[in-house]
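Coordinate inspection notes
Below are the chains, spelled out letter by letter.
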Amino acid sequence: MSITAKELARLLNLSATAVSMALNNKPGVSRETRELVIKEAETLGYDFSRLSMKKNSSGTIYCVICRTHNAILNYTPIFSELTDGILEICRKQGYQLRTIQIHEKTDDLQRSLEDLRVSGCAGVILLGTETTADICRKFLTLSVPVVLLDTYFETLECSSVLINNTQGASLAASYLIDRCQKQPGYLQSSYRIENFEERKIGFMKAVREHGMSTGKSISHDLAPSIEGAFSDMLEILDRGDDIARCYFADNDLIAIGAIRALKLRGFKIPDDVAIIGFDNISESKIVEPSLTTIDIPRSFMGQMAAKQLLSQIANPLSRAVKIEVSTRLVKRFSA
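Thresholds, definitions, all that
Residues numbered from 1 in each chain as written. Predicted model: local features only at pLDDT ≥ 70, side-chain atom pairs only at ≥ 80, totals over all residues. Heavy atoms only, no water. Helix = DSSP H or I, 4+ residues; strand = E, 2+ residues; numbered from the N terminus. Contact = heavy atoms within 4.5 Å. Areas by Shrake-Rupley, 256 points an atom, 1.4 Å probe, with all protein chains shown as cover. Pairing = 2+ DSSP bridges. Axes fitted to C-alpha atoms, helices over the stretch in contact; angles between N-to-C directions. Core = buried A, V, L, I, M, F, W, Y, C linked by side-chain atoms within 4.5 Å. Buried < 20%, exposed > 50% of the residue type's maximum accessible area, 1.4 Å probe, protein only. Expected span 1.5 Å × (residues − 1). Arc of directions from axis to C-beta. Phe/Tyr/Trp six-rings, centres within 6.5 Å; stacked < 30°, edge-to-face > 60°.

Helices and strands together make up the secondary structure of the protein, namely 14 helices and 12 strands. Its C-alpha atoms give the protein principal-axis dimensions of about 75 × 35 × 35 Å. Taking all contacts inside the protein whose residues are at least 6 apart in sequence as the whole, residues at least 24 apart take part in 73%. Carbon and sulfur atoms provide 48% of the accessible area of the protein, an area that totals close to 15400 Å².

Our focus in this paragraph is the sheet that holds strand β7 (residues 219-222). If you walk across this open sheet you meet the 4 strands as β7-β6-β8-β9, and the pairing is parallel. Sheet topology places β7 and β9 (274-276) at the edges, where each strand pairs with a single neighbour. The average angle at which neighbouring strand axes cross in this sheet is 20 degrees, direction not considered. As defined by bridge partners, strand β6 (residues 185-189) adjoins strand β8 (residues 246-249) across 3 bridges and the pair is classed as parallel. For tyrosine 186, the partnering residue across the bridge sits in β8 and is phenylalanine 248. The sheet contacts of helix α9 (residues 165-180) involve β8 and β9, and relative to β8 the element is tilted by about 170 degrees. Across the face of the sheet, helix α11 (residues 226-239) comes into contact with β6 and β7 while running at roughly 140 degrees to β7.

To continue, consider the nonpolar core. If you look at the biggest cluster of nonpolar residues, it comprises 69 residues, and the most contacted ones within it are Ile61, Leu149, Leu187, Met233, Phe248 and Ile275. No other element matches helix α12 (residues 252-264), which puts 8 residues into this core. With residues up to four places along the chain from it excluded, the contact list for phenylalanine 248 reads Ala169, Ala172, Leu176, Gly185, Tyr186, Leu187, Arg199, Phe203, Ile276, Gly277 and Phe278. In this structure, Tyr62, Ile100, Val124 and Leu148 belong to the second largest nonpolar core, which totals 22 residues.

With that settled, consider the sheet that holds strand β5 (residues 159-163). Overall, parallel pairing links the 6 strands, which are arranged β2-β1-β3-β4-β5-β11 in an open sheet. Every other strand in the sheet has two partners, leaving β2 (96-103) and β11 (322-325) as the edge strands with one partner each. Averaged over neighbouring strand pairs, the angle between their axes works out to 20 degrees when direction is ignored. Bridge count for β5 against β11 is 4 bridges, and the pairing is parallel. For valine 161, the partnering residue across the bridge sits in β11 and is isoleucine 323.

Here the focus is helix α3 (residues 31-43). Along its 13 residues, α3 runs 18 Å from first to last C-alpha, staying within 8% of the 18 Å computed at 1.5 Å per residue. Among all positions in α3, only Arg34, Val37, Ile38 and Ala41 are buried. Angular distribution of buried residues about the axis of α3 spans 95 degrees; they occupy a single face of the element. For α3, the exposed residues lying more than 90 degrees away from the buried face are Glu32, Lys39 and Thr43. Structurally, α3 contributes buried residues whose contacts are with α1 (5-12), α2 (16-23) and α7 (109-117).

Residues isoleucine 269 and proline 270 are joined by a peptide bond in cis, for which omega reads 10 degrees. Summarising the element assignment, proline 270 is placed in the loop between α12 and β9. Positive phi values are uncommon outside glycine, yet glutamine 181 reaches one of about 55 degrees. A positive phi is found at asparagine 280, a non-glycine position, where the angle reads about 55 degrees.

Another aspect to go through is the packing of aromatic side chains. Here the structure, examined in full by the defined rule, presents 4 aromatic pairs. Plain terms: the ring middles of tyrosine 186 and phenylalanine 248 are 5.9 Å apart, the flat faces sit at 10 degrees to each other, and that makes the pair stacked. Placement of tyrosine 186 in strand β6 and of phenylalanine 248 in strand β8 is noted, with a sequence separation of 62 residues between them. Residues tyrosine 186 and phenylalanine 248 agree in their burial class; the two are buried.

So, on to the pairing of strand β4 (residues 146-149). Neither face of β4 is open: one carries Val146 and Leu148, the other Val147 and Leu149, and all of them are buried. Pairing between strand β3 (residues 121-127) and β4: 4 bridges, direction parallel. Each residue of the ladder has a partner; that of leucine 127, found in β4, is leucine 149. Across 3 bridges, β4 lies against β5 in parallel orientation. Within the sheet, the bridge partner assigned to leucine 149 lies in β5 and is valine 161.

Moving on, we come to the side chain of serine 290. Structurally, the position occupied by serine 290 is in the loop between α13 (283-286) and β10 (293-295). With relative accessibility at 11%, the residue serine 290 sits in the buried group. Non-local contacts of serine 290, meaning those with residues more than four positions away in its chain, are made with Ser284, Lys285, Arg332, Phe333 and Ser334.

Structural data, given as C-alpha cells:
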C-alpha cells in the first residue's frame with residue numbers, strides 16, 4: 001500500500017500543509033523542502049496519480065521538445081506548425097498548452113520530470129524527432145498520459161503519431177525513376193535519426209521495385225542544413241566524385257544546399273541533375289528552381305497527437321496505438 005501525504009508529513013516531521021504545497025508545486029515552502037518531499041514520496045511509493053485526478057479534468061498539456069543534437073531541431077518553422085496544430089485542439093477542449101525544451105546534454109532530465117510530476121500537467125506530447133527510446137521510457141514513468149509525436153519505438157508501450165516516411169520516400173524515388181529513366185542517387189543526412197532511416201528504407205524499396213540494384217545508387221553524406229549541405233556538396237564536386245543523374249534528399253534543407261552547390265559548379269537543374277526533397281518547407285517554393293518535394297501535413301499531425309492525448313486522458317487505453325499520416329508529392333521544377 002502506498003504512503004499517504006499525512007504519513008509522509010509525520011515521517012519528515014513537516015506539517016501536512018507543507019507537504020501538500022510541495023507535492024502540488026505551490027509557493028510557501030523552500031526549494032530544498034520541495035525537493036526533499038518529492039524525493040521521499042517517490043522512494044516510499046506515493047501515488048502521484050492522486051494529484052492528477054484532482055487537477056486533470058482540465059488544465060495544462062505540455063509539449064516537450066527533447067534535443068539530443070541541434071542539427072535537426074534548429075529549423076524551427078517545422079515544429080511551430082506541429083505545435084500550432086496541438087494548440088488549436090487544446091484551446092477547443094479548454095486546455096492550456098505549454099511548450100518546454102529539454103537538451104539531453106545540458107539539462108537535468110530527472111529534475112524536469114519531477115517538475116512535470118507536480119505541475120498540474122494533464123498529459124504530455126513528447127516531440128520524438130531527436131528523442132531516444134531511453135528518454136521516452138523515462139517520460140512514461142509519469143502518472144499522466146504520454147503521446148509520442150514524429151517517431152515510434154517498437155519496444156515501448158506508448159501511443160505515437162508520425163509521418164509515413166517510407167511511403168513518402170518511395171513516392172519520391174519512384175517519381176525520379178519514371179521521370180529520368182535513370183538510377184537515382186541518395187543525398188543522405190550525415191546525422192541520422194529514425195525518420196531518415198525510414199526514408200532510406202522507402203528509397204531502397206522503390207529502387208528494387210523498378211528492377212534496379214540498390215548497390216548501384218550513388219550516395220553522398222551531407223549535413224542536414226542548407227549551409228552544411230552546400231559546403232559538403234561543393235567538396236564532393238571538387239573532388240571529382242561520380243554524380244548521379246537524379247537524387248532523393250533526406251530533407252529539403254539538404255536538397256536546397258546541394259542545388260546551390262551544383263549550380264555554382266555549372267550544373268543545370270533539372271536538365272543535368274534532378275533533385276527531390278522531403279518536408280515541403282517554405283524555402284522550397286522560392287529556391288531557383290523551386291523544389292519538387294514530399295509534403296507533410298504538420299499542423300494535422302499536431303492535431304492528431306492532441307486528439308489522441310485528450311482521448312487517453314478521458315479514457316485511459318489498455319493498448320498503445322500507432323497513427324501514421326500519409327504524404328503527398330508536390331511537383332515543382334527541380335525534378
